[in-house]
Amino acid sequence: MHKHNPKAGFCNELEETLIALLLGLMTLVTFANVVARYVFNANILWALEVSVFLFAWMVLLGVSYGVKKNFHIGVDILVSSVPTAFRKFLTLLALAACLAFSLLMLKGAIDYWLPFIGKRAFLETDDVPMPFFLQFFSDWLNDGEVYEKMPRFIPYFVLPLSMALLLWRFIEAGWRILRGGQELLIAGHEAEDLLEDADASKSDEV
């Protein structure tokens, strides 16, 4: 009998879980700021910056989520017109290019982020207050000096995280292609769907 692996399930649903949490947080922060502004004539100073960070996290995590769910737009007119055997070769060639791109992006993300936990660990965000339960980072990275605002390495961590997830999702897609569970790297039928919708609309008008 197949046993469910909780760790595998968590890894498989990581993007969905994070995106849902981030969207919920951004909605709460934005709503609270609107209420504060129009009901109490006040303003939450850090609300805008937090919303920007949350939105950036959602967008970057959405890249790997799109690969996993095959949501990205693709053009498959050339690949679909060749024999099946050659089609798989072209798909694997495209996969190799995507893996190379992901590796380069991951390296660039790590190179950009690492200084923020090193010589730039003292750099803080503009308005976001530092949660008390994260102050242990001040002992680790800031010579014991308490952070008044959240250090930049925390929100910027999405850069290496999202690129690592992107690489992992392309590896998963490649494994499915090699095993025959997936034919193309990215579905490319959006144009066909649009044409079918347009034809259907014309038929309804007639």
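**Student:** Quick one: what's the story with the overall build of the protein chain, residue by residue and with numbers?
**Tutor:** When you go through the protein chain residue by residue, the secondary structure sums to eight helices and two strands. Helices (α) and strands (β) of the protein chain occur, in sequence order from the N terminus, as α-α-α-α-α-β-α-β-α-α. Relative to its 206 residues, the protein chain shows a buried fraction of 33%. Pairs at least 24 residues apart make up 71% of the contacts formed inside the protein chain by residues separated by at least 6 positions. Total accessible area on the protein chain is roughly 13,700 Å²; 69% of this is exposed by carbon and sulfur atoms.

**Student:** Can you explain the packing of aromatic side chains? Please cite residues and give values.
**Tutor:** Applying the stated criterion to the full structure yields nine aromatic pairs. Aromatic side chains Phe 137 and Trp 140 sit 5.8 Å apart centroid to centroid with 90 degrees between the ring planes, which places their arrangement in the edge-to-face category. Of this pair, Phe 137 and Trp 140 both sit in helix 6 (residues 136–141), three residues apart, roughly one helical turn. Relative accessible area serves as the criterion here: at 18%, Phe 137 is assigned to the buried category. We classify Trp 140 as exposed; its relative accessible area is 62%. Summarising the aromatic geometry, the rings of Phe 137 and Phe 153 are spaced 5.2 Å apart at their centres and angled 80 degrees between planes, so their arrangement reads as edge-to-face. In this pair, Phe 137 is assigned in helix 6 and Phe 153 in the loop between strand 2 (149–151) and helix 7 (158–179), connecting sequence segments 16 residues apart. Phe 153 sits in the buried class, given a relative accessible area of 4%. Members of the aromatic cluster, joined through ring pairs, are Phe 136, Phe 137, Trp 140 and Phe 153. Sitting over the face of the ring of Phe 116, Arg 120 holds its NZ or CZ atom 5.6 Å from the ring centroid.

**Student:** Please provide a residue-by-residue account of the layout of surface pockets, values included.
**Tutor:** Of the voids in this model, the largest pocket is the one considered here, and its volume is about 610 Å³. Together, 21 residues line the largest pocket, and Leu 25, Leu 54, Trp 57, Met 150 and Ile 154 are the ones closest to its centre. Here the lining of the largest pocket gets five residues from one element, more than from any other, and that element is helix 2 (residues 14–38). Tallied by class, residues from the lining of the largest pocket come to 21 nonpolar, no polar and no charged.

Reading guide: rules and limits
- Residues numbered from 1 in each chain as written.
- Predicted model: local features only at pLDDT ≥ 70, side-chain atom pairs only at ≥ 80, totals over all residues.
- Heavy atoms only, no water.
- Helix = DSSP H or I, 4+ residues; strand = E, 2+ residues; numbered from the N terminus.
- Buried < 20%, exposed > 50% of the residue type's maximum accessible area, 1.4 Å probe, protein only.
- Contact = heavy atoms within 4.5 Å.
- Areas by Shrake-Rupley, 256 points an atom, 1.4 Å probe, with all protein chains shown as cover.
- Phe/Tyr/Trp six-rings, centres within 6.5 Å; stacked < 30°, edge-to-face > 60°.
- Lys NZ or Arg CZ within 6 Å of the ring centre and 35° of its normal.
- 1 Å grid on protein atoms, 1.4 Å probe; cavity = no way out; pocket = protein on both sides within 12 Å on 5 of 7 lines; lining within 4 Å.
- Points joined across faces, edges and corners; volume = space filled by probe spheres on them.
- Nonpolar A, V, L, I, M, F, W, Y, C, P; charged D, E, K, R; others polar.

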